[in-house]
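In case you want the letters, here they are:
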Amino acid sequence: MPIDTIAPDLEGASLRIGIVQARFNDWAGQGLAAACLAQLSELGVDEDDITHVTVPGSLEIPMALARLAQTDDYDALIAIGCVIRGETYHFEVVANESARGVTQVAIQYNVPIANAILTTEDEEQARARLEEKGRDAARVAVEMANLMWALGEDGETDADE
C-alpha cells in the first residue's frame, strides 16, 4: 500500500487570513507586516480576505489572536512582533509567554498560527531578519491552512475521495 502524502500547497486564493501586529518596536512590526502582506499577495490571498489589527505589545498578541480565532472566520492567523533583549529578565518573560500564548491559541481553537514574533539580542539582528521572517510567516500560514483543509475535520485526506 503506498504512503499517503500530502504535498505542500502555497495557493492562497480564497483563504481568509488574520494578522495581529504588536506596536512595540513599531519599526520592526511595520517591516514584518509589509513583507508578510507582499508575500500573501504573491501567494494569491486577496487583500479583502485579510484582517490586520494591532495591539500594544507582544504579550497582547495571544488575546487578540484568540478573539479572531473564536469567530471561525479565518483559515490561518499570523502573529507579528519584535522583542529585543534588554538589561532585565523582562525579555525572557515577554519572549516565552508570547510564544506560549500563540501556541495555546492555535491548539485551543484548532487554527494554524504563524509565529513571526522576532526575539533578538539587538536591533541589528532584528533588522537583518525582518524581510525573510515576514515572508516566511505568510508562507507558513497559507501552507498550514491548506494542510488543515486537506486533512479535513475527521483527519482524513481528500485524496481518497
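Residues numbered from 1 in each chain as written. Predicted model: local features only at pLDDT ≥ 70, side-chain atom pairs only at ≥ 80, totals over all residues. Heavy atoms only, no water.

Draft legend 1. Spotlight on the packing of helix H2 (residues 61-70) against helix H3 (residues 90-109). Running from N to C, H2 and H3 cross one another at 10°; their axes reach a closest spacing of 8 Å. Judged by the angle between their axes, H2 and H3 are roughly parallel. Between H2 and H3 the crossing geometry is right-handed. Facing Ile-61, Pro-62, Leu-65, Ala-66, Ala-69 and Gln-70 of H2, the residues of H3 in contact are Ser-98, Gly-101, Val-102, Val-105 and Tyr-109. For the contact of H2 with H3, the class distribution of residues is eight nonpolar, three polar and no charged. (Axes fitted to C-alpha atoms, helices over the stretch in contact; angles between N-to-C directions. Helix = DSSP H or I, 4+ residues; strand = E, 2+ residues; numbered from the N terminus. Parallel < 35°, antiparallel > 145°, perpendicular 65-115°, else oblique. Left-handed = near helix turned anticlockwise from the far one by under 90°. Contact = heavy atoms within 4.5 Å. Nonpolar A, V, L, I, M, F, W, Y, C, P; charged D, E, K, R; others polar.)

Draft legend 2. Spotlight on the nonpolar core. By size, the foremost hydrophobic cluster in this structure holds 25 residues, and its most contacted members are Ile-17, Ile-19, Cys-36, Leu-40, Ile-78 and Ile-80. Considering every element that reaches this core, the biggest residue donor is helix H4 (residues 123-151), with seven residues. Other than its neighbours up to four places away in sequence, Ile-78 contacts Ile-17, Gly-18, Ile-19, Val-20, Cys-36, Leu-40, Leu-65, Ala-114, Ala-137, Ala-138 and Ala-141. In terms of nonpolar packing, the next biggest core, distinct from the first, is built from 21 residues, Ala-69, Leu-77, Val-94 and Val-102 among them. (Core = buried A, V, L, I, M, F, W, Y, C linked by side-chain atoms within 4.5 Å. Buried < 20%, exposed > 50% of the residue type's maximum accessible area, 1.4 Å probe, protein only.)

Draft legend 3. Quick look at the pairing of strand E4 (residues 113-120). Counting buried residues along E4, six of its eight residues qualify, which places the element largely inside the surrounding structure. Inspection of the sheet shows strand E3 (residues 76-84) paired to E4 by eight bridges, in the parallel sense. Its bridge partner lying in E4, Ala-79 is registered against Asn-115. After leaving E3, the chain enters H3 and then returns to the sheet as E4, a path that is right-handed. (Pairing = 2+ DSSP bridges. Right-handed = clockwise from strand over helix to strand, strands pointing away.)

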